[in-house]
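So you can see what is in the structure, the chains are spelled out below.
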Amino acid sequence: MEQSNLLFLLYADICLIIGFYMYIRKMRKLIGFHLGMNMSMVMGGMAALLFGIILITHMPFHFTYITLLSASIGGAVGACFGMLIDYQTFVTGLTNGLIVGLMAPMIGTVMEMQMLFIWFLHAFFIGSLGILFISIKRA
Amino acid sequence: MLLLILLFMWCVGEILVNYRVVKKKRLLFDDRFTKTICMAIASISSLAMALYLELLLSDNQLVTYLLPVLLGVFIGWRFGSLIKAPASLNGLYNGAMGGVMGMMLGAVLKNPALCNIPIDANSLIASNLFIITIFIAFSHSVVCFFIRYSMRG
């Protein structure tokens, strides 16, 4: 039961990130560079954190490959979100996603009560998405 | 061990080249560009430096705990103080952050049982270590290339 739950959560995260990317792409004329920089940092870091922790909980025997994968995914998501705005947001998102992605599987292996932590992390992710929505509406 | 020393020298060379380029063109920057450059370069190069130092040095307690953090702070301070005072603060913070993170990653790679990672054979530990260090050297050079490329245009 828990394993399928994890895969379902991962799928929901991918859908949320792609949907938010499409929304930002439609609204990108309204977003200034300051909000764009914060947005690329938040999205790259959260994507790397979620992928690293969920994958290391699902497959605990592949530490090396999961570290490489989560760092690459975090860098790529940060770079994609930054690419919509500017070159400097691109560099910021890439670096932040790489650093957080290198750290994420280590947090995943250390903690106990993993499902509770993962649910808390998803609540945090959805909360930060809501805050980004509000600040885009106001901009 | 030889591979680690080669990667360490590559990392130092990359940092020196970047430092020369930034120093030569420091009059062209505005505030935002300065902040971006300080953040990117201080965090990733102090992470790589601290990781290599932690792996290369022997188990002398005081040196392996203090030296990577001091080196990260030094890199951030040098890059930040080239331009303006607020950028120096930003670089110092990010350098200390990267130094602590690199130290933690190096300690986990040397002894995976610290983190409950189920790898116990010595050959597996060695291959794990080489793959991750090569990946970090690769990402460090990618970020340095992007920064140099942004200054050309």
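Computed from a predicted structure; not experimentally measured. Each chain carries its own residue numbering, running from 1 in the direction its sequence is written. Written order decides the labels, with chains lettered from A and ligands numbered from 1. Predicted model: local features are reported for residues with pLDDT of at least 70 only, side-chain atom pairs are reported and counted for 80 or more only, and whole-chain, interface and lining totals are derived from all residues. Working from all heavy atoms in the structure, the side-chain values ignore hydrogens and water.

**A few points about helix 5 (residues 114-138) of chain A**
All names here are of chain A.
Next up, step 1: An ideal rise of 1.5 Å per residue puts 36 Å on 25 residues; helix 5 measures up with 36 Å between its terminal C-alpha atoms.
Next up, step 2: Exposure classes here rest on a 1.4 Å probe applied to the protein chains alone. A residue is buried below 20% of its type maximum, exposed above 50%, and partly exposed in between. Segments assigned H or I by DSSP are reported as helices when at least four residues long, segments assigned E as strands when at least two residues long, and all are numbered from the N terminus. Listed in full, the buried residues belonging to helix 5 are Met115, Ile118, Leu121, His122, Phe125, Ser128, Leu129, Leu132 and Ile136.
Next up, step 3: Buried residues along helix 5 sit in contact with helix 1 (2-26) and helix 2 (33-58). What a helix is expected to span follows from its residue count: subtract one and scale by 1.5 Å. We call two residues contacting when some pair of their heavy atoms lies within 4.5 Å.

**Observations concerning helix 3 (residues 61-80) of chain B**
All names here are of chain B.
Next up, step 1: In a regular helix each residue adds 1.5 Å, so 20 residues correspond to 28 Å; helix 3 covers 30 Å between its end C-alpha atoms and thus fits that length.
Next up, step 2: Take the seven residues that end at a residue and the seven that start at it, fit an axis to each, and the angle between those axes is the bend at that residue. At Leu67, helix 3 shows its largest kink, close to 25°, and the proline Pro68 lies no more than four residues downstream.
Next up, step 3: Taken together, the buried positions of helix 3 are Thr64, Pro68, Gly72, Ile75, Gly76, Phe79 and Gly80.

**Comments concerning a positive patch on the surface**
Residue and element names in this part refer to chain B.
Next up, step 1: Within the patch definition used here, like charges are joined within 9 Å and nonpolar side chains (Val, Leu, Ile, Met, Phe, Trp, Tyr) within 5 Å, considering only residues with over 30% relative accessible area and no salt bridge. Method for areas: the Shrake-Rupley scheme with a 1.4 Å probe, in which residue coverage is limited to the protein chains shown. What makes a salt bridge here is a side-chain nitrogen of Lys or Arg within 4 Å of a carboxyl oxygen of Asp or Glu, nothing more. Charge assignment in this entry is limited to Lys and Arg as positive and Asp and Glu as negative, and neither His nor the chain termini are counted. By convention, the point assigned to a charge is CZ for Arg, NZ for Lys, CD for Glu and CG for Asp. Positive charge collects at one region of the surface, where Arg20, Lys23, Lys24, Arg26 and Arg78 lie side by side.
Next up, step 2: For the positive patch, the element with the highest residue contribution is helix 1 (residues 2-24), accounting for 3 residues.
Next up, step 3: Position of Lys24 among the secondary structure elements: in helix 1.

**Description of the pattern of salt bridges**
Next up, step 1: Per the counting criterion, the structure on display carries 2 salt bridges over all chains.
Next up, step 2: Residue A:Asp86 is joined to B:Arg32 by a salt bridge in which the shortest nitrogen-to-oxygen separation is 3.0 Å. Linking A:Asp86 in the loop between helix 3 (63-83) and helix 4 (87-110) with B:Arg32 in helix 2 (residues 31-56), this pair reaches from one chain into another.
Next up, step 3: Classification of A:Asp86 by relative accessible area gives partly exposed; the value is 28%.
Next up, step 4: For B:Arg32, a relative accessible area of 17% puts it in the buried group.
Next up, step 5: Two residues, B:Glu14 and B:Arg148, come together in a salt bridge whose shortest N-O distance is 3.3 Å. Taken together, the positions of B:Glu14 in helix 1 and B:Arg148 in helix 5 (residues 122-152) put the pair 134 residues apart, joining distant regions of the chain.
Next up, step 6: Assessed through its relative accessible area of 8%, B:Glu14 is described here as buried.
Next up, step 7: Judged by its relative accessible area of 23%, B:Arg148 falls in the partly exposed class.

**Notes on the packing of helix 1 of chain B against helix 5 of chain B**
Residue and element names in this part refer to chain B.
Next up, step 1: Where helix 1 contacts helix 5, the axes come no closer than 11 Å and their chain directions differ by 15°. In terms of orientation, helix 1 and helix 5 fall into the roughly parallel class. The chirality of how helix 1 crosses helix 5 is left-handed. Contacts between helix 1 and helix 5 involve Leu3, Leu4, Leu7, Trp10, Cys11, Glu14, Ile15, Val17, Asn18, Val21 and Val22 on the former and, on the latter, Leu129, Phe130, Thr133, Ile134, Ala137, His140, Ser141, Cys144, Arg148 and Met151.
Next up, step 2: Taken together, the residues that form the contact of helix 1 with helix 5 break down as 15 nonpolar, 4 polar and 2 charged. All axes here are fitted lines through C-alpha atoms, helices being fitted over the stretch that makes contact, and every angle between N-to-C directions spans 0 to 180 degrees. To sort the angles, those under 35 degrees are grouped as roughly parallel, those over 145 as roughly antiparallel, those from 65 to 115 as roughly perpendicular, and the leftovers as oblique. Working rule for handedness: look at the near helix, and if it is turned counterclockwise from the far one by less than a right angle, call the crossing left-handed; if clockwise, right-handed. In this count, Pro and Cys sit with the nonpolar residues alongside Ala, Val, Leu, Ile, Met, Phe, Trp and Tyr, while Asp, Glu, Lys and Arg are called charged and the others, Gly among them, polar.

**Concerning the packing of helix 2 of chain A against helix 2 of chain B**
Next up, step 1: Look at helix 2 of chain A against helix 2 of chain B: their axes get within 13 Å of each other, and the N-to-C directions meet at 10°. Compared by their axis directions, helix 2 of chain A and helix 2 of chain B come out roughly parallel. By crossing handedness, the relation of helix 2 of chain A to helix 2 of chain B is classed as right-handed. Judged by residue contacts, A:Phe33, A:Met37 and A:Met41 of helix 2 of chain A engage B:Arg32, B:Lys35, B:Thr36 and B:Met39 from helix 2 of chain B.
Next up, step 2: Here the contact of helix 2 of chain A with helix 2 of chain B is built from residues that sort into 4 nonpolar, 1 polar and 2 charged.

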